[in-house]
Structure formats: C-alpha cells, structure tokens
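A closer look at the structure
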Amino acid sequence: LKPADRVDFVTFSFGTLVARWWVEQMDGRAHTMIGVCAPHHGTTKGSKLQFIPSLKQMQPGSEEIRALHRSRRKDVRYHSIRLDEDRTIRPSCSSIMEGGSNYVLHGKAHMAGPYRQVVRELIRDVYLGKAVPSGPQKLTPEQLVELKLAPAPAGNP
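Quick caveat, the model's predicted, so the values are computed rather than measured.

Another aspect to go through is helix 3 (residues 63–70). Every buried residue of helix 3 is accounted for by I65, A67, L68 and H69. As for helix 3, its buried residues are in contact with helix 1 (14–25), helix 2 (53–57) and helix 5 (141–146).

What follows is the structure, given as structure tokens:
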C-alpha cells in the first residue's frame, strides 16, 4: 500500500471487532467497513466462558467494547448488516452501528449470514451506492443502558 491508500473491509462477526480495533485504536487506514452479523457493542453469548480472554473482551460494557464505542472515525464509511433473529448477537441491538448505515435482513442463522445470496447482493449494493438503510439507525437511551454504555437513570436498578 502507498501511504495515502485506504482499505475497504467486509468483515464477519468477531472479525468486525478486530478490524475496527485496527482502524480505530491502531490508526489503520480504512475507507469503508461493512460488518455482517457484527456485535459492535459486544454480546452476552459465551458469557459463561469468560476465562477465555476474547470472550470476556466481547461482553457488553467491557473496556475494549467501550473503547470502540468512543472511537468511531468520521473518515470511515461504516455499514452494518444484521439478521433480525440472530441469536448469537445478544442483545440484538448490539449490531446497530451508530454513525453508520444499518441494514436489517430476515434470518437467524448467524454462521450462514455471509453466505446468503441476499447478504452478498446487499454488500454489492452498498459498494454501488444503491443500498437503502433499514431498521433502527441509532441506539435508544434504554439500549445504551442495556449495553452498559450509559448509566441507568436515577431510581432504576
């Protein structure tokens, strides 16, 4: 790569967090990042296996997840494609990428996400500038609390 070159990423699940860490925490060079079934704000899946460092770091509210939440770059085009019934991303709102374009497709098979024709077509449409965001584009205050990115309002446990 030349010094001014930037990379486009299409990532899946945990790989999205790895790519984001490189771009946002290590000053990596990216132009576009498309995350498929990405736990942008962590996932409680695997919470009983927290002796595995990467699973502990993927928990909502972990320092690593909070650092990513604070460090989105304005010079990167972020896109998040999620499945509406994906049971691996818990809570499901964790796939919402604030400051990016979000797309919701019907489906529940997390591991099959990147292999589905409709997902590949959406990725193509994102690159062609033809994709229309769908579903929530921003986290609600309640979701921020659920993801441990904001304190609970006074009087709430």
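Resuming the write-up.
Here the bond from R90 into P91 is cis, since omega is -10°, no more than 30 degrees from zero. Even without being glycine, K148 reaches a positive phi, approximately 60°. Relative to the elements of secondary structure, K148 occurs in the segment after helix 5.

Below, the discussion takes up the sheet that holds strand 3 (residues 77–83). The parallel open sheet is built from four strands, whose spatial order is 1-2-3-4. The open sheet has two free edges, formed respectively by strand 1 (7–12) and strand 4 (101–105), since each of these has just one partner strand. With direction set aside, neighbouring strand axes in the sheet form an average angle of 10°. Inspection of the sheet shows strand 3 paired to strand 4 by five bridges, in the parallel sense. From the neighbouring strand, L83 faces strand 4, where its bridge partner is L105. Sheet strands touched by helix 1: strand 1, strand 2 (30–36) and strand 3. Its angle to strand 1, the strand with the most contacts, is close to 150°. This element, helix 4 (residues 117–128), spans strand 1, strand 2, strand 3 and strand 4 of the sheet and lies at about 160° to strand 2.

Attention now moves to the environment of K138. Structurally, K138 can be placed in the loop between helix 4 and helix 5. In this structure the C-alpha to C-alpha distance between K138 and G100, which are 38 residues apart in sequence, comes to 9.0 Å. The contacts of K138, once residues within four sequence positions are left out, are I96, E98 and Q143.

How each quantity is defined
- Residues numbered from 1 in each chain as written.
- Predicted model: local features only at pLDDT ≥ 70, side-chain atom pairs only at ≥ 80, totals over all residues.
- Heavy atoms only, no water.
- Buried < 20%, exposed > 50% of the residue type's maximum accessible area, 1.4 Å probe, protein only.
- Helix = DSSP H or I, 4+ residues; strand = E, 2+ residues; numbered from the N terminus.
- Contact = heavy atoms within 4.5 Å.
- Pairing = 2+ DSSP bridges.
- Axes fitted to C-alpha atoms, helices over the stretch in contact; angles between N-to-C directions.

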